[in-house]
Number of protein chains: 2
Amino acid sequence: MFECFEAYITPKVDLTKEQLRYMCSLATVRKVRRRQLLVKEGEVCRHKIFISKGLLRTYRLKDDGNEYIMRFSPENSWNVDHESYNNQTPTKYNVDALEDSELLLWSKEDFDELIAAIPAIRAFSDRIKESSYDASQERVLMNISYTAEEKYEDFITSFPDIFRRVPLHMVASYLGVSRETLTRVRQARFKQQKDN
Amino acid sequence: MFECFEAYITPKVDLTKEQLRYMCSLATVRKVRRRQLLVKEGEVCRHKIFISKGLLRTYRLKDDGNEYIMRFSPENSWNVDHESYNNQTPTKYNVDALEDSELLLWSKEDFDELIAAIPAIRAFSDRIKESSYDASQERVLMNISYTAEEKYEDFITSFPDIFRRVPLHMVASYLGVSRETLTRVRQARFKQQKDN
């Protein structure tokens, strides 16, 4: 489990062996089964989660009973609700596993200790936050300016691996497009590819 | 001009008079007329901009000729394209003035100097970034999960002042809803209010 994390972090952050050992010593290992709920709406997001293996989904359950997917978190990525984590307030989101997954969890207290002790980890954490923010802005732009066809194409190009691993209705939910529209878009694309 | 900024920053950041004077000494004052372009797509976003008076708009011009509005920046708020500013890469966005505006500009070099010298300004800048990120996530959720009616209601409630100051087609562009749909939503709302 820690080998995955070491292979991920080593090229990204300049850490001594001792610092890496310290970082790993603060993490809790957790295995979750497919469909298992990890964080529930109304709870406080108390951990930064690194996904060593598997796939998590962050979604909002609306009053109309529909699920709206905010994020897919595959292996070698992080999952955290920044707003809930930073302010230690209840989250609006649920997090569950779409595949059997292996995770490393750092509590806020431990992670705060870590970034206070090791500036390189703070800088790395800041970089992750910056790029999450940029990606979020990019997604807003996509949401307001792309057609359903463009959203679909963009998703396939940006996340080909996730596209293969999740059902189409979840892609539709992530894109904010109805399942019917996305099915139509996909069929038109198949037809076009066959015709060419 | 600096009085507006002082009134804004004083309750938010604990600065000595000297620090405040230093901060203001690094700012450039700029006045722009309504419709004047301030940042052009392809340029690098070189400044953090504080709006003392007026209203700016950040938008993307798509190949189809349509404008998609990412942000309205009224008085007492900041305007910056983080991705372009942080990486000093070309921005995808245009920024123009929707009203005659008065601005304070800090170059990246000067602002970097400022946050290195005064930790309270760094902490404040980090807080602004955190809440911009949270707002961006909130907007993604709205984009993918709200109906046109809910988007319209949310905008009126969240930004009543901006709603009064910009034409409806710009609200539609910000929300990612067609002008026709938003006109229909507004008419239905008027009718409902009259009937009640």
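Nothing here was measured: the structure is a model prediction, and the numbers come from that model.

Caption draft 1: Main features of the overall build of chain A. Helix and strand counts for chain A stand at nine helices and eight strands. In terms of principal-axis extent, the alpha carbons of chain A reach across some 60 × 40 × 30 Å. In chain A, which comprises 196 residues, the proportion classed as buried is 29%. Summarising the internal contacts of chain A: among those between residues at least 6 apart in sequence, 71% fall at separations of at least 24.

Caption draft 2: Here's a closer look at the packing of helix 8 (residues 168-175) of chain A against helix 9 (residues 179-195) of chain A. Residue and element names in this part refer to chain A. Interaxial distance between helix 8 and helix 9 falls to 9 Å at its minimum, and their mutual angle equals 110°. With respect to helix 9, the element helix 8 is oriented roughly perpendicular. Crossing hand, helix 8 versus helix 9: right-handed. Within the contact between the two elements, helix 8 uses Leu168, His169, Val171 and Ala172 and helix 9 uses Arg179, Leu182, Thr183 and Arg186. When grouped by side-chain class, the residues that make up the contact of helix 8 with helix 9 number four nonpolar, two polar and two charged.

Caption draft 3: Summary view of unusual backbone geometry. Of note in the backbone geometry, Arg35 of chain A takes a positive phi value of approximately 75° without being a glycine. Relative to the helices and strands, Arg35 of chain A is located in the loop between strand 1 (28-32) and strand 2 (37-39).

Caption draft 4: Region of interest: the sheet that holds strand 1 of chain A. Residue and element names in this part refer to chain A. Spatial strand order, 1-8-3-6: four strands in an open sheet with antiparallel pairing. Looking at which strands have only one partner, the edges of the open sheet turn out to be strand 1 and strand 6 (77-79). Each strand of the sheet is rotated relative to its neighbour by a mean of 35°, with strand direction disregarded.

Caption draft 5: Region of the structure containing the interface of chain A and chain B. Taken residue by residue, the interface counts 19 residues in chain A and 19 residues in chain B. Where the side of chain A that touches chain B is concerned, the elements lending two or more residues are strand 5 (67-74), helix 3 (82-87) and helix 5 (119-145) of chain A. Looking at the side of chain A that touches chain B, the element that brings in the most residues is helix 5 of chain A, giving 11 residues. A per-class count over the side of chain A that touches chain B returns six nonpolar, seven polar and six charged.

Caption draft 6: Representation of the relation of the copies chain A and chain B within the structure. Superposition record for chain A on chain B: RMSD 0.0 Å, screw rotation 180°, translation along axis 0.0 Å. The symmetry that links the two subunits is that of a two-fold axis.

Caption draft 7: How the structure looks around the environment of Asn87 of chain A. Position of Asn87 of chain A among the secondary structure elements: in helix 3. Sequence separation of Asn87 of chain A and Val44 of chain A is 43 residues, and the distance between their C-alpha atoms is 9.0 Å.

Caption draft 8: The arrangement of the sheet that holds strand 2 of chain A in detail. All names here are of chain A. Strands sit in the order 2-7-4-5 across an open sheet of four strands; the sheet is antiparallel. Strands at the two margins of the open sheet, each flanked by one partner only, are strand 2 and strand 5. When the angles between neighbouring strand axes are averaged without regard to direction, this sheet yields 30°. Sheet topology places strand 2 next to strand 7 (residues 94-97); two bridges connect them, and they run antiparallel.

Caption draft 9: Expanded view of the packing of helix 5 of chain A against helix 5 (residues 119-145) of chain B. In contact at an axis separation of 9 Å, helix 5 of chain A and helix 5 of chain B are set at 30° when each is read in the N-to-C sense. On the basis of their axis angle, the class for helix 5 of chain A and helix 5 of chain B is roughly parallel. Our pair here, helix 5 of chain A against helix 5 of chain B, has a crossing hand that is left-handed. Residues Tyr133, Ser136, Gln137, Arg139, Val140, Asn143 and Ile144 of chain A of helix 5 of chain A form the contact with helix 5 of chain B, whose own contacting residues are Tyr133, Ser136, Gln137, Arg139, Val140, Asn143 and Ile144 of chain B. Residues that form the contact of helix 5 of chain A with helix 5 of chain B fall into these classes: six nonpolar, six polar and two charged.

Caption draft 10: Highlighting the pairing of strand 8 (residues 101-107) of chain B. Note: strand 1 (residues 28-32) of chain B against strand 8 of chain B, five bridges, orientation antiparallel. Bridging across to strand 8 of chain B, Lys31 of chain B finds its partner in Glu102 of chain B.

Caption draft 11: Seen up close, the environment of Tyr174 of chain B. All names here are of chain B. Among the secondary structure elements, Tyr174 is positioned in helix 8 (residues 168-175). Classification of Tyr174 by C-beta neighbours within 10 Å gives buried; the count is 23. Taking the C-alpha atoms as reference, Tyr174 lies 9.9 Å from Thr58; in sequence the two are 116 residues apart.

Caption draft 12: Structural view of the environment of Thr147 of chain A. Residues and elements named next belong to chain A. Mapping Thr147 onto the fold places it in the loop between helix 5 and helix 6 (148-158). By C-beta crowding, Thr147 is classed as exposed, having 12 other C-beta atoms within 10 Å. Put simply, Thr147 and Val177 are 30 residues apart on the chain and 9.6 Å apart in space, counted from C-alpha to C-alpha.

Caption draft 13: Focus on the pairing of strand 7 of chain A. Residues and elements named next belong to chain A. Here strand 7 shows a clear split, with Val95 and Ala97 buried on one side and none of Asn94 and Asp96 buried on the other. In this structure, strand 4 (residues 55-61) lies alongside strand 7, joined through four bridges in antiparallel fashion. Paired with Thr58 across the strands is Val95, a residue of strand 7.

Rules behind the numbers
- Residues numbered from 1 in each chain as written.
- Chains lettered and ligands numbered in written order.
- Predicted model: local features only at pLDDT ≥ 70, side-chain atom pairs only at ≥ 80, totals over all residues.
- Helix = DSSP H or I, 4+ residues; strand = E, 2+ residues; numbered from the N terminus.
- Buried ≥ 20, exposed ≤ 12 C-beta atoms within 10 Å, placed from the backbone.
- Contact = placed C-beta atoms within 7 Å.
- Axes fitted to C-alpha atoms, helices over the stretch in contact; angles between N-to-C directions.
- Parallel < 35°, antiparallel > 145°, perpendicular 65-115°, else oblique.
- Left-handed = near helix turned anticlockwise from the far one by under 90°.
- Nonpolar A, V, L, I, M, F, W, Y, C, P; charged D, E, K, R; others polar.
- Pairing = 2+ DSSP bridges.
- Least-squares fit on C-alpha atoms with pLDDT ≥ 70 in both.

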